[in-house]
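Read off the chains here:
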Protein chains: 2
Amino acid sequence: MPSYMAPNQDIQFVLHEVLKVAQNDTPGYDELDAEFTSAVLEEAGKLASEVLAPLNTVGDTEGCTLENGIVRTPTGFKAAFDKMREGGWTALDCDADYGGQGMPYVLNTAVGELFVSANMAFNMYQGLTHGAYTAIHAHGSDAQKTTYLEKLATCEWTGTMNLTEPHCGTDLGLLRTKAEAQDDGSYKITGQKIFISAGDHDLADNIIHLVLAKAPGGGEGTRGISLFIVPKFMVNDDGSLGDRNAVSVGKIEEKMGIHGNSTCVLDYDGATGYLLGDLHKGMRAMFTMMNEARLGVGLQGYAQAEAAYQNAVAYARDRLQGRDVTGAKNPDGPADPLIVHPDVRRMLLDQKSFVEGARAFTYWGAYLIDEAHRKNDAAALGLVSLLTPVIKGFLTDKGFDATIQAQQVYGGHGYIEEWGMSQFARDARIAMIYEGANGVQALDLVGRKLAQDGGKHVMAFFDLVKSFIKENEGDAALKADFLDPLKAASKDLQTAGMFFMQNGMKDPNAALAGSSDFMHLFGHVCLGLMWARSAKAARAALDAGTGDAAFYETKLLTGRYYMARQLPATRMHLARIESGAEPVMALDADRF
Amino acid sequence: MPSYMAPNQDIQFVLHEVLKVAQNDTPGYDELDAEFTSAVLEEAGKLASEVLAPLNTVGDTEGCTLENGIVRTPTGFKAAFDKMREGGWTALDCDADYGGQGMPYVLNTAVGELFVSANMAFNMYQGLTHGAYTAIHAHGSDAQKTTYLEKLATCEWTGTMNLTEPHCGTDLGLLRTKAEAQDDGSYKITGQKIFISAGDHDLADNIIHLVLAKAPGGGEGTRGISLFIVPKFMVNDDGSLGDRNAVSVGKIEEKMGIHGNSTCVLDYDGATGYLLGDLHKGMRAMFTMMNEARLGVGLQGYAQAEAAYQNAVAYARDRLQGRDVTGAKNPDGPADPLIVHPDVRRMLLDQKSFVEGARAFTYWGAYLIDEAHRKNDAAALGLVSLLTPVIKGFLTDKGFDATIQAQQVYGGHGYIEEWGMSQFARDARIAMIYEGANGVQALDLVGRKLAQDGGKHVMAFFDLVKSFIKENEGDAALKADFLDPLKAASKDLQTAGMFFMQNGMKDPNAALAGSSDFMHLFGHVCLGLMWARSAKAARAALDAGTGDAAFYETKLLTGRYYMARQLPATRMHLARIESGAEPVMALDADRF
């Protein structure tokens, strides 16, 4: 069975030496000193390794079951969920007015990584709840906040998001679920929703469904959509639970992975719902929390890769097979460990250099969200809105690839379920699809975010890269190993952006045909930047002679690997982009 | 449920217009006129689509079961297997002296593609049998041939390959299974073998296990290994079946995919075995069939991609979601089909251009094997030995990626098992691992095949590319769209080869650290070459005004896509290779 250890030394490094959170003047960041975050991470790490990780295989093997309308989660999930609730982990960054601890989102993100790495399917129950909490916090009336927020913050109740219907996913304008206004101000909701994560289960007393539906009068397409709160059990005025609402589980989907999470078809049959936010402004309300939700999915991508990587390293050190071509490294044993072989090291370093870069990138995104929300910093909000599709799309594509590489290190054993490597890949696969499939992320990036606010945010990103390079190029080693490759990659990204500007006006397909490559190109530049920042921090620590020198040296070597072996992908993506729309659009649809 | 249609028009194109098989003087090729191969493919295609494909989901869902030592295959497998046997499909390229039809391997490969696309797990039962047939045909005594070959050719009995043990896979020198000589000339085989595909089942009356084991006196490592025939049921002198041999099924492995194939742990407890080939030359005997076996696995890679692609296209045409950014294509419907969207087309064209290129490449490999075997052509044998690790490694890596892309086209539905797209990916995944993991293929390519016979074969390959370019560069359109990109890619490959020569001598890791990138670079050049050859053939047909013009135009557009959007990867692989050993080897094993 695979195991998991919280990578807290690296998390602390990103928080305190790369992002320097405690030196940031964002409200709440003054609490984030190294000692405090270390203590939090240590406790969270214990919960992750000792409670959640051992249930990961259980969840995959048992899955969720539906019997007589009741959904049962896998053995041990309820007890673990209670432990998580009781530890206050579900309310870490929630509003103190509603039972939360008011911690910055960046800390919540770091802690969340541990839980997701340990057991992604399990953690989704609280992840979806957090989304519902955020939506009600942003758009709810005072009464709604009073009724729901504390229960959601503590996960006494959980939440769901209901968007997809059988015939419509990305294109929500097609949705058919209806909302009919009642005399008492409530609505009757009728329709079928699919792919509802944590749609029903036995972990909490009540489930608060957030449901997109069409109420009459809003117009065609997405304009007619409103967002409704539909509780599984009606909530009485005193907060106690009343009758069962008219929402039932049609079935649990059989999925490729995340078996521990109950993905439900939910049938709304005139269920009572309450408008959340403004009528016919449901899309806006839903998308309030999009940056966070998508960042959370990007995190899933690399967090699964982290867990898979840890096990691949252990296997590569343990498994004896073949000899080092330059001379035996384990001469007294029957063979050398796998890790002596260059191609095995390549696979491991691809994973390691991706995961560490992705971690820094994701935490930076969370840091920007904190700046945006806690300081009302419009520039930070613009920048993180630009980066969000990259975090989601690039990190889940690459995260999945990394789990496949980790599985590959195991050879034949990787394909056998009992070794657990298949599960990491199967679980990670969903992150490329949900919360906006990665093609939709690329479309959002190229079709919307690039030009947002007159292209201000992408210019800000390039300035940031340029300034970092300029400020640091006096350091010859940093320049050669990190800044020069970053500069070249950033130039490729700018060239691609120019290509879109020059060609996209007369033919939008010229940009859209390269959108996915652009997202990947952008992702490499972001990871290159984070590696350059990390290298700078590591060199500073080594120069100062503080801390664990081996850690910092490893950091530099891992970063150099990324720059030398991963960044060259930018040239390929640029070449594909520059081939334009024609190769992609030329073939008639009926000739595929 | 997914469906499958045999892509016979494209197969005929490759056989007759690219490879021009009927014009080749290899013995047996004179039979391969277009009418004959068309008739064979049509029949095989019916069996594939109507009998095998519908069982693909069944096999995945039911899997194989072990009860009281008896392995049961999924519902319908036995009847389908009988149909396949009765149609003579299992003996297509087997020796006419032993019940076969003596057809060239290239035809067997084309037919095999259909069966593998339709149901990979099912087809493995006969695939492994074919391997056992080939080994006994090459190394068996006359008596062994008489006893086993016809039964194996007709799949009245099936075969297995027993290499792996719990502690040893790639490094067979470590194996522990023992063979003790008996007075009657037989051996007692004792040990445990794992990952034995088709290890036990209810499809045939007997199973002939080929088992690698160590008999005393052969020396250390792989030198002590011999190959043994171990029948499940003893075979009496008259060919009837006798007692059960001392080999039993320890368990059936729970795997990520190919559930329809029984992957067994086999326990040999003093089982009676018969030496096949020479004592202590077991590795040589086993590797006789390596080119074919690895080509067959490469085929699995793209054949799964073909099946997944067909379904992705159907879904992309059918599913209405969003609008074409340049104007509605389905204005009377609620939305346009997915296939209008550039990024969806990109995914589909990545798959299509890969699959068609891979098909041509694989058939060319089979064609070279025919030349090698039927004409004793050492140059063809040398060339196909060079290309085999590329066919196996590149096509299975890329084939798996293509199944993931096909799944991605389905959005959320791709993750739900009932749509079948997950199975294509899960099944394709094994092909990257077995028959030598892809890292081992890369090692074989760079560490062995490049330098084989003084580097003669790789030089022959480059000459072949160069000649093709030279002969055809008078055609301006072919030159711009195909030959120039091929020339650039081929130059990258040569530069990489030079880098290995210059640096590999003083540090073998300089070559090995780039081995996997080299295999991919090589693969792109091979597919580029096959696309250039295909484009030439398509243009010739269009110029002649013969045949289906739409097919040839589609071929050209698909090929141009590959050259424009896939070949730029060679530059990236070269850059990684040129970064050398240092980034890969610098980190100590205990710092990962």
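Keep in mind it's a predicted model, so treat the numbers as computed, not measured. (Residues numbered from 1 in each chain as written. Chains lettered and ligands numbered in written order. Predicted model: local features only at pLDDT ≥ 70, side-chain atom pairs only at ≥ 80, totals over all residues. Heavy atoms only, no water.)

## Here's the deal with the side chain of D517 of chain A
Examined against the element boundaries, D517 of chain A turns out to sit in helix 18 (residues 515-544). A residue is classified by how much of its surface remains accessible, and D517 of chain A, at 4% relative accessible area, is buried. At 2.7 Å, the side chain of D517 of chain A forms a polar contact with the side chain of H573 of chain A. A distance of 3.2 Å separates a polar atom in the side chain of D517 of chain A from a polar atom in the side chain of R565 of chain B. Discounting chain neighbours no more than four positions away, the residues touching D517 of chain A are H573, R576 and I577 of chain A together with R346 and R565 of chain B. (Helix = DSSP H or I, 4+ residues; strand = E, 2+ residues; numbered from the N terminus. Buried < 20%, exposed > 50% of the residue type's maximum accessible area, 1.4 Å probe, protein only. Polar contact = N/O pair within 3.5 Å; in protein donor to acceptor, adjacent residues only side chain to side chain. Contact = heavy atoms within 4.5 Å.)

## Description of the domain arrangement of chain A
Residue and element names in this part refer to chain A. The assigned domain composition of chain A is domain 1 (8-287), domain 2 (290-436) and domain 3 (451-584). Taking the mean C-alpha position of each, domain 1 and domain 2 sit 25 Å from one another. Taken residue by residue, the interface counts 35 residues in domain 1 and 31 residues in domain 2. Summed over both sides, the interface of domain 1 with domain 2 buries roughly 3000 Å², with 57% coming from carbon and sulfur. Interface area lost by domain 1 to domain 2 is led by Y105, E113 and M120, which between them contribute 22%. Here domain 1 is connected to domain 2 by four salt bridges. Between R359 and E113 there is a salt bridge, with the nearest N and O atoms lying 2.7 Å from each other. Across the contact surface, domain 1 and domain 2 share 21 residue pairs in polar contact (both at pLDDT 80 or more). Mapped by element, the contributors of at least two residues to the side of domain 1 that touches domain 2 are helix 1 (8-18), helix 3 (54-62), helix 5 (105-118), helix 6 (120-139) and helix 8 (282-287). Here the side of domain 1 that touches domain 2 takes eight residues from helix 5, the largest share from any one element. (Domains from an automatic or database assignment. Buried area = accessible area lost by both parts, 1.4 Å probe. Salt bridge = Lys/Arg side-chain N within 4 Å of Asp/Glu carboxyl O.)

## Brief notes about the pairing of strand 6 (residues 206-214) of chain B
Sheet faces and side chains relate simply in a regular strand, where the side chains alternate between the two faces. Residue and element names in this part refer to chain B. In terms of burial, strand 6 is a largely internal element, eight of the nine residues being buried. Strand direction decides the pairing type here: strand 3 (residues 157-162) and strand 6, joined by six bridges, are parallel. Opposite N162, over in strand 6, you have V211 as the bridge partner. Where strand 6 meets strand 7 (residues 225-231), seven bridges bridge the pair, whose relative direction is antiparallel. The residue of strand 7 that forms the bridge with K214 is I225. (Pairing = 2+ DSSP bridges.)

## What about the nonpolar core?
Burial of nonpolar side chains together is a common tendency in soluble globular proteins. Core analysis: the largest hydrophobic core is formed by 399 residues, its most contacted members being W364, F461 and F522 of chain A together with W364, F461 and F522 of chain B. Excluding anything up to four places from it in sequence, W364 of chain B contacts L19, L383, L387, F461, L464, L529, M530 and R533 of chain B. (Core = buried A, V, L, I, M, F, W, Y, C linked by side-chain atoms within 4.5 Å.)

## Examining helix 6 of chain A
In this model helix 6 of chain A runs 28 Å from its N-terminal to its C-terminal C-alpha over 20 residues, within 8% of the 28 Å that 1.5 Å per residue would give. For helix 6 of chain A, the tally of buried residues reaches 16 of 20 residues, placing the bulk of the element in the interior. (Expected span 1.5 Å × (residues − 1).)

## A short note on the packing of aromatic side chains
On inspection of all chains with the given rule, the structure shows 37 aromatic pairs over all chains. Look at F461 of chain B and F462 of chain B: their rings are 6.0 Å apart centre to centre, the planes differ by 65 degrees, and that puts the pair in the edge-to-face class. In this pair, the class of F461 of chain B matches that of F462 of chain B, namely buried. Pairing F500 of chain B with F518 of chain B gives two aromatic rings, centres 5.1 Å apart and planes at 50 degrees, and the pair type is tilted. Here F518 of chain B lies in helix 17 (residues 515-544) and F500 of chain B lies in helix 15 (residues 476-504), a separation of 18 residues in the sequence. Given a relative accessible area of 6%, F500 of chain B falls into the buried group. Among the residues examined, F518 of chain B registers a relative accessible area of 1% and is labelled buried. Among the aromatic side chains, those forming a connected cluster through ring pairs are F461, F462, F499, F500, F518 and F522 of chain A. A cation over an aromatic ring shows up here: R244 of chain A above the ring of F233 of chain A, its NZ or CZ 5.7 Å from the ring centre. (Phe/Tyr/Trp six-rings, centres within 6.5 Å; stacked < 30°, edge-to-face > 60°. Lys NZ or Arg CZ within 6 Å of the ring centre and 35° of its normal.)

## A few points about the pattern of salt bridges
All names here are of chain A. Taken as a whole and assessed by the stated rule, the structure comprises 72 salt bridges over all chains. We note a salt bridge from R85 to D82, for which the minimum N-O separation is 3.8 Å. Remark: D82 and R85 occur in helix 4 (residues 77-86); sequence separation between them is three residues, near one turn of the helix. For D82, a relative accessible area of 19% puts it in the buried group. Several salt bridges share partner residues, and in doing so they unite D10, E113, E306, K352, E356, R359 and K555 into one network.

## Things to note about the UniProt feature "domain: Acetyl-CoA dehydrogenase-like C-terminal" (unreviewed entry) in chain A
The residues that UniProt annotates with the feature "domain: Acetyl-CoA dehydrogenase-like C-terminal" (unreviewed entry) are residues 461-588 of chain A. In residues 461-588 of chain A, the share of helix is 84% and the share of strand is 0%. The end C-alpha atoms are 38 Å apart. (UniProt positions renumbered as here; feature names shortened; annotations may be inferred.)

## Considering the relation of the copies chain B and chain A
Superposing chain B onto chain A takes a rotation of 180 degrees plus a shift of 0.0 Å along the axis, which leaves an RMSD of 0.0 Å. Each copy turns onto its partner about a two-fold axis. Minimal C-alpha separation from the rotation axis in chain B is found for M572 of chain B, amounting to 3.1 Å. Both copies share a contact surface, since 100% of the interface residues of chain B are interface residues in chain A too. (Least-squares fit on C-alpha atoms with pLDDT ≥ 70 in both.)

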